[in-house]
Every structure is written in C-alpha cells, then in structure tokens.
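A closer look at the structure
Below, each chain spelled out in residue letters.
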Amino acid sequence: MPIKGQAYSQSNPNSLWYPYVQMSQLELPGQVVSAEGCTFELDNGAQLIDAISSWWCVIHGYNHPEINEAAKEQIDTLSHIMMGGLSHPWSQELADRLVDLSPEGLNHVFFADSGSVGVEVALKMSLQYWHNLGNTSKRKFVCLRNGYHGDTFGAMSVGEPDDAMQIAFPELLMEPFFVKPPGFEETSLEDALSELRQIFRTHHQDLAAFICEPIMQGYGGFHVYDPHYLKVVRELCDEYEVLFIVDEVATGLGRTGRLFAVDHAGISPDIMILSKALTAGYLGMSATLASTKVFESFWGKDPSKAFMHGPTFMGNALACRIALKSLDLLERDLQWDDQGVRTLKSVMDMESYFQEELSDWTAQGVASIRILGATAVVEVDDVNRLEGFALWARERGVWLRPIGPFLYTMPAFNMSRHDLEQIIQTIKIWFEVELPKREA
Ligand SMILES: *Cc1c(COP(=O)(O)O)cnc(C)c1O
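Residues numbered from 1 in each chain as written. Predicted model: local features only at pLDDT ≥ 70, side-chain atom pairs only at ≥ 80, totals over all residues. Heavy atoms only, no water.

The subject of this paragraph is the overall build of the protein. When helices and strands are counted, the protein shows 12 helices and 16 strands. Against the compact-globule benchmark of 22 Å for 440 residues, the protein has a radius of gyration of 22 Å, which places it among compact chains. Taken over the C-alpha atoms alone, the protein extends approximately 65 × 55 × 55 Å along its principal axes. For the protein, the residues scored as buried account for 52% of the 440 residues in total. Put simply, of all contacts in the protein between residues at least 6 apart along the chain, 70% involve residues at least 24 apart. Of the side chains in the protein, 33 bear a positive and 59 a negative charge, and the two mean positions are spaced by 2 Å. (Helix = DSSP H or I, 4+ residues; strand = E, 2+ residues; numbered from the N terminus. Rg over C-alpha atoms; globule rule 2.2 N^0.38 Å. Buried < 20%, exposed > 50% of the residue type's maximum accessible area, 1.4 Å probe, protein only. Contact = heavy atoms within 4.5 Å. Lys, Arg positive; Asp, Glu negative; His and termini not counted. Charge placed at Lys NZ, Arg CZ, Asp CG, Glu CD.)

The following block contains the structure:
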C-alpha cells in the first residue's frame, strides 16, 4: 500500500489501465498521495494547484472539513442500501432539494452513478415516454455538433460524430440529426436557428428529443453560445412536440455563474442531467430530473410502462449525504442581483477576475479567449503551441491539462486569489516568454 511520501513499486507496470491515452506513451508525474484545499501533493513532495478541479467536479476544494464531517457521520450510520423496494431519508431529501433548486416543472429525480449513465437514463426516458404514449415513430434525437455527453454507447451517439472516440464503433451508434450551434464554424445565430427550424419542420414526426449542453459545451470544444438559441429550442420543442433534454453534467450547480446554465435563457427543459459537481468530487453520482409531463407517461396500472432501469449504486446514501452538504455550501454562496437574478457570488467574482486578466490580453498564438463563470479558455491557432505545456506548468506548480487546442481552467469555486493568480500567470508567461523562446 502506498503511504504518504513513498512511491509504490510495481512488478507489472501496466496493471492499471488509464483513460484516454495510448498506454505505451503514458507519462505520469508520480502518485498523488494527498490533497487539501485546491492543492494536491505528489509522492515526491511536489505540490500542484489544481486548475481543473479534477475534471471540473471538485467545486469546493479537496478535503473540505464540512463535507468530510458529514461523510464520516454518514459512514457510521448507513453507507448504502439498495433502492429496489427500499428508500432512505437522504435520497428523499436530496430529490426534494434538487426539485426545489432546479428550474420550474422538473419535479422528479432519478439517481444513477455517473454522468454518462445519467445521459443514458435521459435518452431511454425520452424514448420510452413516446412508447408509453403509443407513438412508435418518434425515435430520433437532434443534437449539436461539438457536443460531448459521455462514453457509453447512447451518450457517444449524441456526441460529436467526428470525434476520435467514436471511430471504432460506427455501426453501433444511433444516427441522430446533428445541427450546428451558433458560433460553430462561424455559423451565425440566424443560420443556426434556420437549420434547427428546418430539421424540426421536416422531421418532427420522427423526433423524440433534442439534447444539448446548454450555453457552454465542454470537452467538445469549450464553445460558448448565445442563450437565445435555447429559448428558440424550447419554442420549437413545444410547437412540434419534441422533448427537450439538457445535459448539465458540466455546467450545472454553479459553473457558469448561475445555478444552472439554462437559467441564462430563463427556460425549463423536460429532462435535465446533473453529475460532475453534484457530490463535489467525493463519489460518482448523477441525477436525471424529469418534468411531470414525462413522469406521468410512465404512471398507471400497466407494469410495462414502468421505467426499467436501476443501477446497483443508485441513490447511494453516502453520496446523497455528501451531495446535500455540497448543496448547503452552494446555497450559502447564492445572491440575488437587482433584477432578481440568482447567481453564485464566488463564481461571479472569479468571472470578473478572469475578465480583468484575460479579456483584453492577447499574445502570439492565441486565437480566442472565452470566459464564462468559473471557466476561462484560451484557444490557440495551432495545437502545437501547447506541446510541452502541461509538463512545464507542472514544474511551476500548476496542474493544467489542455484538451486539443484548448488551454482552459475550471477551478474550485472557492480557490484563493493567490492560487488563481498563479494559474493566470502560468498561462500568460507560457505565451509571452516560454513559447517565443521555444519557437525561436
Ligand atoms: C463529463 C461529462 C459527461 C460524462 O460524465 P461521466 O461521469 O464522465 O460519465 C456527460 N456530459 C457532459 C456534458 C460531461 O461534461
């Protein structure tokens, strides 16, 4: 067993298979042995500021005293009980809290264990909705180019079709309709809307649901788009009887400055998926929220209309308790502005800081800058400009891991100004000093 400060030596170096990497080229900085606040420590003693909050989920930092305390208390009470035929107060309370906090009309919560599975649940729910209503033709999805919804088959099907993640299994994926979000390949809002209208007009009889990451696409390209688009999606879904699913796995629970990204558009979807931030990085969990309309199509005396899905770990009591504590922390951070808009103070402060530091900043190689809530993205004109960046940043004490041409930071909401400055300086110095040296 690895203990703090000591490397664990292995006889079979590949017993552990890592994600998204050619294993023959795997390069690790060492083992992470502990973490505290926004910093984690390696077995060689190095301390790294986590600029991407462990894939965007550790929103309150590591080792949070209040969450730890709640988790320890819960372990001594009840860690897990199956949800088939049983319930417990923490899953009930979490469902009620999520219903209270989420956009109007989302009144029912189905728990699962990861973002991808939460998306599968949403896709299955929307297909069975139509099936239960006796409509056998509405079987297709509409989704956005550049999207990312997870790594399982259904979730992959509705993600960017040109992504390298999909090339080995084309025949197994559903074939949805893809439309361009505004801004994608310079598509104007008008053109994006007219493409969307065209698809709805022509194919509505076959359409089960529209699915997207609202306002900000994550892994697919950190693309930020006009909230007005979502208002029109809502109108079209109503007009043509198509369900509207929002994947808020990345954006939900504060990341964009509002509790939910759809709050920027003032709309309610029929189905919404939450995951990454839900348990603040402590345990895997997702919540798929559904409207009363969707829920009611499953209601009745007919057992075949029931929702036949049930992950072993759904509603895990420990995860629920942690999520409840995380929501307490988020709610403490809520504020209402003059227009009555609900925002997160810490995230809005971080957004202002990113604006001050980056909105007027330019450097050789920087193609564009995008800032939304607790996210800042620097897109480069050539992916080679970021070669060697992660290693160099690590040597400066910052954990930043670009995805393709996107150098981005998504810190914990409570990161100190000092740590944020380190991150911003690391990004700027790379472009202003290090890169010119390397390219000379
Ligand atoms: C990360 C992510 C998922 C997948 O979640 P996992 O927990 O990794 O399965 C789905 N949708 C979006 C928008 C994500 O960012």
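Along strand β10 (residues 286–291), 6 of the 6 residues are buried, which leaves the element largely enclosed by surrounding structure. Of the two faces of β10, the one lined by S286, T288 and A290 and the one lined by A287, L289 and S291 are each fully buried. Where strand β4 (residues 106–112) meets β10, 6 bridges bridge the pair, whose relative direction is antiparallel. By the bridge assignment for β10, F111 is matched with A287. With 4 bridges joining them, strand β9 (residues 271–274) and β10 adopt antiparallel strand pairing. (Pairing = 2+ DSSP bridges.)

The next thing to look at is the nonpolar core. F210, Y229 and F431 are the most contacted members of the largest nonpolar core, which has 140 residues in total. Among the elements that take part in this core, helix α9 (residues 317–332) stands out by supplying 10 residues, more than any other. (Core = buried A, V, L, I, M, F, W, Y, C linked by side-chain atoms within 4.5 Å.)

What follows deals with the packing of aromatic side chains. This model, assessed by the stated rule, comprises 20 aromatic pairs. Centre to centre, the rings of F153 and F169 are 5.6 Å apart; their planes meet at 75°, and the pair counts as edge-to-face. On the criterion of sequence distance, the pair formed by F153 in helix α5 (residues 153–157) and F169 in the loop between α5 and β6 (177–179) is long-range, its members being 16 residues apart. In this structure F153 comes out as partly exposed when scored by relative accessible area, which is 41%. Taking relative accessible area as the criterion, F169 reaches 28% and is therefore assigned partly exposed. (Phe/Tyr/Trp six-rings, centres within 6.5 Å; stacked < 30°, edge-to-face > 60°.)

The next subject is the sheet that holds strand β16 (residues 406–409). Strands sit in the order β13-β14-β16 across an open sheet of 3 strands; the sheet is antiparallel. Strand pairing shows two members of the sheet lacking a second neighbour, β13 (366–372) and β16, which therefore form its edges. In this sheet, neighbouring strand axes are inclined to one another by 15° on average, regardless of whether the strands run parallel or antiparallel. The sheet strands contacting helix α10 (residues 345–358) are β13, β14 (375–380) and β16, and the helix crosses β13 at an angle near 160°. (Axes fitted to C-alpha atoms, helices over the stretch in contact; angles between N-to-C directions.)

Read across the sheet, 7 strands follow the order β4-β10-β9-β8-β7-β5-β6 without closing on themselves; strand pairing throughout is mixed. Whereas interior strands pair on both sides, the edge strands pair on one side only; in this sheet they are β4 and β6. Neighbour to neighbour, the strand axes of the sheet diverge by 20° on average, direction disregarded. Strand direction decides the pairing type here: strand β5 (residues 140–144) and β6, joined by 3 bridges, are parallel. Looking at the pairing, L144 lines up with V179 of β6. Packing of helix α6 (residues 189–203) onto the sheet brings it into contact with β5, β6 and β7 (207–212), and relative to β6 it is tilted by some 160°.

Within the chain, W55 stands out as a residue other than glycine whose phi angle is a positive 55°. Position of W55 among the secondary structure elements: in helix α1 (residues 53–56). For A280, which is not a glycine, the phi torsion comes out positive at approximately 55°. Here A280 lies in the loop between β9 and β10.

Burial along β9 is two-sided: the residues I271 and I273 and M272 and L274 are all buried. Inspection of the sheet shows strand β8 (residues 243–247) paired to β9 by 3 bridges, in the parallel sense. Pairing of D247 across the sheet is with I273, part of β9.

Take it as geometry only, folks, not as evidence of what the structure does.
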